[in-house]
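Secondary and tertiary structure notes
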Amino acid sequence: MTPNNWKFAPVALAVLLGMTACNDSNNSSSADNTDPAPAPPPAYTNVSFSGVEVPTSEADKLVVRAIAQANINGVDQQVGYQPLMATGHQDPVTKEVFGLVKDKNDAPIHFEDGSNYLCNGTNAGEGSGLDNTSILQKNGKIYMVSQFECAVGAMYATELKQSETGALTPVEGTLQFISQKDQFGGWVHCAGMTTPWESHLSSEEYEPDARYVEEHRDANTGLTGDSYFDETAKYWGDATKANPYYYGWTPEVTIGSDGKANYTKHYAMGRMSHELSYVMPDERTVYLSDDGANVGFFMFVADKAGDLSAGTLYGAKWHQRSAENGGVADLEWISLGHSDDASVREWVAKDLKFSDIFDTKAGTDLGDGSFDCGPGFQSINASAGQECLALKDINEDGKVDAADELIASRLETRRWAALQGATTEFRKEEGITFNAHDGKLYVAMSEITRGMEDFAKNGKASSAYDKGGYNDMKLNAVRCGGVYELNVGKNADIGSDFVAKDMSGMLMGRSMDYSGTAFEGNSCDLDGLASPDNLTYLPESNSLVIGEDTGYHQNNMIWSYDLKTKSLTRLLTVPLDAETTSAFWHKDVGGFGYLVAVSQHPLVDQQADEAAKQSEVGYLGPFRFKVGSAQ
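This report concerns the structure included in the present document.

**Regarding the overall build of the chain**
Looking only at helices and strands, one finds 6 helices and 40 strands in the chain. Whereas a compact globule of 631 residues would reach a radius of gyration of roughly 25 Å, the chain reaches 24 Å, a difference of no more than 12%. With the C-alpha coordinates of the chain rotated into their principal frame, the extents come out at 80 × 70 × 55 Å. Within the span of the chain, comprising 631 residues, buried residues form 58% of the whole. When the accessible surface of the chain is totalled, it reaches about 24000 Å², and 47% of it is carbon and sulfur. Side-chain charges of the chain comprise 49 positive and 90 negative groups, with the mean position of each set lying 1 Å from the other.

This is the structure we're talking about:
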């Protein structure tokens, strides 16, 4: 399909999950001509954990600390934290170095002193280090796919072996660098997930602002003053060769029958600050979180289950009902059109500039929060602030039409969503997970501030985040962030059984003053959340796991929130300076369960040896979930 064939075609209705092709009892094959008994529901898993205390000693603040015991369906189990691999590890056979960043020719990048460009918080490169790690079961084997959050993104895969006790260890001779050169390189790989079809679904966070790049780019050097974008000069060898539209997509890694990792990007899913793309049980509906200030919340419905290469993209509209406890709203989903990867990639390869897509003008501030942009222009307020925009004839066919709208919807997804009426006021939108048992989707918000407030910033009057926009969200600031609950159900118009209908605050963090106490340096309640980030739900259980990414707790924590008792249990703490990332439940890997976790860029500002400063992936477990009786 060429770009000129893009269309706003509705997604064809498919057979809905759980429905049979025919319910006519006359066609029943049972002897007594009655419907067969429904399949029993999955066994419910009651889980509780021993908990770990807040670290108080200097020694405890510098290490990973985790629970030692779990109770699964009434049976106690001894568990613990087990490291798998740290940045800088070298495979003795392949000689690949875990976290080494490579250029457009897949050659290692080195700093001026000759040292390796390792993606970790300790080096001069932009980014944070090792982030999401997936465990995949393919070819009768277990694989680990890991991604790194530097501006020049990197990914690695390795095979894991599993002992009789469930212990996992990397297999020597299998560590492989995953090339991204055929898809314009990688960029700030943040959160991810293991899909239902056992692939690694990735992300490219903090997409470069194409308008800023165009307006600030030096014609000779290609540098812009944006430290993330300028870092890509190390990848291309020349910053003039980088284009902002190369980045901000959803990559996917699959493992082939030969054990090799294969990489692609899903351009049909839109370009934004992808924190996470989360696939629902129908393998078609995907929720997309957008990290930053004044960002959107998106949903993609693929044409085919297990294939994210084509589908329809939607932006959420927040219709507020209450401002209490993080707010309550009904959600409306605004279509941003249907397209496919190949068509979008064709336009990405054309090296467009922002001014090829939109005309801009200053507009007039009317002083009441609105802007007069003049005929043909519309005011929005998204991550770049207030703008007056008008769509251009991008494909130069003599008219501005649906084909141009589709190009804008994918290359400038957030701006286009705002122009269509979607809400672009969310702040630090992070992890997503789904509880199929109760039909609940959960979304973490690290902060409830700025655009989510009503003409304010952190509780103080400010017009920056609402002027010229819709001001759909009018909430009280919650600096420590919170987790939202969304009810999910069937939507015939969209053609999915997993469409979020509403959104309400479920669990909020709380500011706390610890001045003059042993816990000084913490500014959010130590028995509650501080900037929730990654989320993962243990299927058919009472456990929602929440990881933190914050400076408000000295040591970031991973929690289990008991959905029955509404109580929090601290599962793991990471060293000073480290974020907790990659929290993901794998319930059945060779008969064992694992909670994967990453300690990202620990001890950066501390006096410690370099090895202690490397990001590390490990797991909490192993767990046995098929024990005891279901309760």
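**Notes on the state of the cysteines**
This structure, assessed with the given rule, holds 3 disulfides. Put simply, cysteine 119 and cysteine 150 are joined by a disulfide, and their sulfur atoms are 2.2 Å apart. On the S-S bond that ties cysteine 119 to cysteine 150, the torsion sits near 110°, and the link is right-handed. Residue cysteine 119 is located in the loop between β5 (80-86) and β6 (130-138), and its partner cysteine 150 is located in the loop between β7 (141-148) and β8 (154-162); the two are separated by 31 residues in the primary sequence. The same class applies to cysteine 119 and to cysteine 150, which are both buried. Here cysteine 373 engages in a disulfide with cysteine 388; their sulfurs sit 2.0 Å apart. When the S-S torsion is -70°, as for the bridge of cysteine 373 with cysteine 388, the disulfide is left-handed.

**Brief notes about the pattern of salt bridges**
A side chain with one charge can pair with a side chain of the opposite charge if their charged atoms come near. The final tally for this structure, using the stated rule, is 27 salt bridges. With a shortest N-O distance of 3.9 Å, arginine 65 and aspartate 60 are connected by a salt bridge. Judged by its relative accessible area of 29%, aspartate 60 is partly exposed. Between arginine 211 and glutamate 387 there is a salt bridge; the shortest N-O distance is 2.8 Å. Taken as a pair, arginine 211 in helix α1 (residues 210-216) and glutamate 387 in strand β25 (residues 385-391) lie far apart in primary sequence, 176 residues in all.

**Concerning the environment of glutamine 162**
Along the chain, the position of glutamine 162 falls in strand β8. The exposure class assigned to glutamine 162 is partly exposed, which follows from its relative accessible area of 28%. Sequence separation between glutamine 162 and glutamate 149 is 13 residues, and the spatial gap between their C-alpha atoms is 28 Å. Setting aside chain neighbours within four positions, we find glutamine 162 in contact with Ile142, Ala167, Leu168, Val589, Gly590, Phe592 and Tyr594. A polar side-chain atom of glutamine 162 sits 2.8 Å from the main-chain carbonyl oxygen of valine 589. In this structure the side chain of glutamine 162 is engaged in a polar contact, spanning 2.8 Å, whose partner is the side chain of tyrosine 594.

Conventions adopted
Residues numbered from 1 in each chain as written. Predicted model: local features only at pLDDT ≥ 70, side-chain atom pairs only at ≥ 80, totals over all residues. Heavy atoms only, no water. Helix = DSSP H or I, 4+ residues; strand = E, 2+ residues; numbered from the N terminus. Rg over C-alpha atoms; globule rule 2.2 N^0.38 Å. Buried < 20%, exposed > 50% of the residue type's maximum accessible area, 1.4 Å probe, protein only. Areas by Shrake-Rupley, 256 points an atom, 1.4 Å probe, with all protein chains shown as cover. Lys, Arg positive; Asp, Glu negative; His and termini not counted. Charge placed at Lys NZ, Arg CZ, Asp CG, Glu CD. Disulfide = S-S within 2.5 Å. Salt bridge = Lys/Arg side-chain N within 4 Å of Asp/Glu carboxyl O. Contact = heavy atoms within 4.5 Å. Polar contact = N/O pair within 3.5 Å; in protein donor to acceptor, adjacent residues only side chain to side chain.

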